[in-house]
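Structural features, examined
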Amino acid sequence: MTLPESPARRPVQLLPAVDVAGRRATQVVDGSSDDPLEVAQRWIDEGAEWIHVVDLDRAYRRGSDLGYLAELIAAVPVPVQLSGGLDTAAAVDDALASGARRVNLAVTALRDLPWVLDLVREHGPQIAIGVDLADGQVVARGSGEHLGEAEPLLDLLTQVLGDDQPGAYVVADASRDGLLRGADTALFSSAVARLPAPVIASGGVATRSDLVALRGCGVQGIVLGAALYHHAFTLAQAREDLR
């Protein structure tokens, strides 16, 4: 009999983030190139097997340069998860046509759960569902909008989807994102317990011990942003910790 793998030893996919606005990578802090392709290549050179690209212009309703992002996606030799403002049929169609392996729906897409279900049924693993959490609420970052209490909304979401689950849920701790305050393991453990598809954690990671703690929560992926850009650790070190 084969025993189930312990969450403490389960492989975890690391997804370095490249946030793009005006064709520039916005998180660069050390004088390095802010060319998004060069930044993505830097992470690939350190062993990245996925890249998490965020279209900040679309996320903040400033338009979108998806043609440029499609060129970026085509130029990198690893799969891309594309995120940022994907809450309309046109935006999702554009994102799916970009060449991204997976597109991450904006949390505001959860206003229309039947539409989300249709997307998941049609595109399956190409769809990730973004869930941004703060203080027990599902929130829309940047607008201050609250969509409702997290537990009943997540329960309703999984009830509506039933057996038609997305490729992943990208669960973000909106209260800690980019602040290097440490990962909220209780938040991510609760999300893993409630959501039937793989959970990718985002927000708060500050140390290498946070990575190990998140694996213990049962997440199957971690988006890395500020910790890498501020040199809290290298991607190679993170990969070693989660090997």
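Shown above is the structure to which this text applies.
Residues numbered from 1 in each chain as written. Predicted model: local features only at pLDDT ≥ 70, side-chain atom pairs only at ≥ 80, totals over all residues. Heavy atoms only, no water.

**Points about the packing of aromatic side chains**
Counted according to the given criterion, the structure contains one aromatic pair. Ring centres of W43 and Y229 lie 5.3 Å apart, and the angle between their planes is 90°; this geometry places the pair in the edge-to-face category. Pair noted here: W43 is in helix α1 (residues 36-45) and Y229 is in helix α9 (residues 226-229), with a separation of 186 residues, a long-range link. In this structure, R102 is placed above the aromatic ring of W50, and the distance from its NZ or CZ to the ring centre is 4.4 Å. (Phe/Tyr/Trp six-rings, centres within 6.5 Å; stacked < 30°, edge-to-face > 60°. Helix = DSSP H or I, 4+ residues; strand = E, 2+ residues; numbered from the N terminus. Lys NZ or Arg CZ within 6 Å of the ring centre and 35° of its normal.)

**Some thoughts on the pattern of salt bridges**
Within the structure shown, the criterion is met by 13 salt bridges. Across the pair R58 and D94 runs a salt bridge, and its minimum N-O distance is 3.7 Å. Of this pair, R58 sits in helix α2 (residues 56-59) while D94 sits in helix α4 (residues 89-97), and the two are 36 residues apart along the sequence. Taking relative accessible area as the criterion, D94 reaches 35% and is therefore assigned partly exposed. Salt-bridge contacts for R61 lead to D87; the nearest nitrogen and oxygen are separated by 2.7 Å. Taken together, the residues span a long stretch of sequence, with R61 in the loop between α2 and α3 (66-75) and D87 in the loop between β4 (80-83) and α4 at a distance of 26 residues. If you follow the salt bridges from partner to partner, you end up with D55, R58 and D94 in one network. (Salt bridge = Lys/Arg side-chain N within 4 Å of Asp/Glu carboxyl O. Buried < 20%, exposed > 50% of the residue type's maximum accessible area, 1.4 Å probe, protein only.)

**A look at helix α7 (residues 185-194)**
Since the α-helix packs 3.6 residues into each turn, any two residues three or four apart lie on the same face. Taken together, the buried positions of α7 are L187, F188 and A191. Projected down its long axis, α7 shows its buried positions confined to an angular sector of 90°, all on one face. Exposed side of α7, more than 90 degrees from the buried face: A186 and A193 are the residues found there. Along its buried surface, α7 packs onto β6 (127-134), β9 (168-173), β10 (199-202) and α8 (208-217). (Arc of directions from axis to C-beta. Contact = heavy atoms within 4.5 Å.)

**Here's the deal with the environment of L224**
Secondary-structure assignment places L224 in strand β11 (residues 221-224). As a C-alpha pair, L224 and I51 span 173 residues in sequence and 9.6 Å in three-dimensional space. Sequence-distant contacts of L224, defined by excluding residues within four places in its chain, comprise L14, L15, P16, A17, V205, L211, F233, L235 and A238.

**Remarks on helix α5 (residues 113-123)**
Three or more residues of α5 are buried, namely L113, W115, V116, L117, L119, V120 and H123. On its buried side, α5 packs onto α4, β5 (102-105), β6 and α6 (150-161).

**A short note on the environment of A172**
Along the chain, A172 turns up in strand β9. The buried category is assigned to A172, whose relative accessible area is 1%. Residues in contact with A172, not counting those within four places in the same chain, are V131, D132, L133, R141 and S202.

**What about the pairing of strand β1 (residues 13-21)?**
By the criterion of burial, β1 is predominantly enclosed, with eight of the nine residues buried. Sheet analysis places β1 next to β11, joined by four bridges and oriented parallel. Among the inter-strand pairings, L15 is bridged to a residue of β11, identified as V223. As consecutive antiparallel partners, β1 and strand β2 (residues 24-25) are separated by two residues, and within that stretch G22 has a phi angle of approximately 55°, a positive value. (Pairing = 2+ DSSP bridges.)

**Thoughts on the packing of α5 against α6**
It is at 9 Å that the axes of α5 and α6 come closest, and there the two elements cross at 50°. The orientation of α5 with respect to α6, classified from their angle, is oblique. You can see that α5 and α6 cross each other, and the crossing is right-handed. Across the interface between the two elements, L113, V116, L117 and V120 of α5 pack against L156, L157, V160 and L161 of α6. For the contact of α5 with α6, the per-class residue count stands at eight nonpolar, no polar and no charged. (Axes fitted to C-alpha atoms, helices over the stretch in contact; angles between N-to-C directions. Parallel < 35°, antiparallel > 145°, perpendicular 65-115°, else oblique. Left-handed = near helix turned anticlockwise from the far one by under 90°. Nonpolar A, V, L, I, M, F, W, Y, C, P; charged D, E, K, R; others polar.)

**What to know about the pairing of β6**
With eight of its eight residues buried, β6 lies for the most part within the structure. On β6, burial covers both faces: I127, I129, V131 and L133 on one face and A128, G130, D132 and A134 on the other are all buried. The handedness of the β5 to β6 crossover, carried by α5, is right-handed. Inspection of the sheet shows β6 paired to β9 by six bridges, in the parallel sense. When the sheet's bridge partners are listed, A128 is paired in β9 with A168. Bridge analysis of β6 against strand β7 (residues 137-140) gives two bridges, and the strand direction is antiparallel. (Right-handed = clockwise from strand over helix to strand, strands pointing away.)

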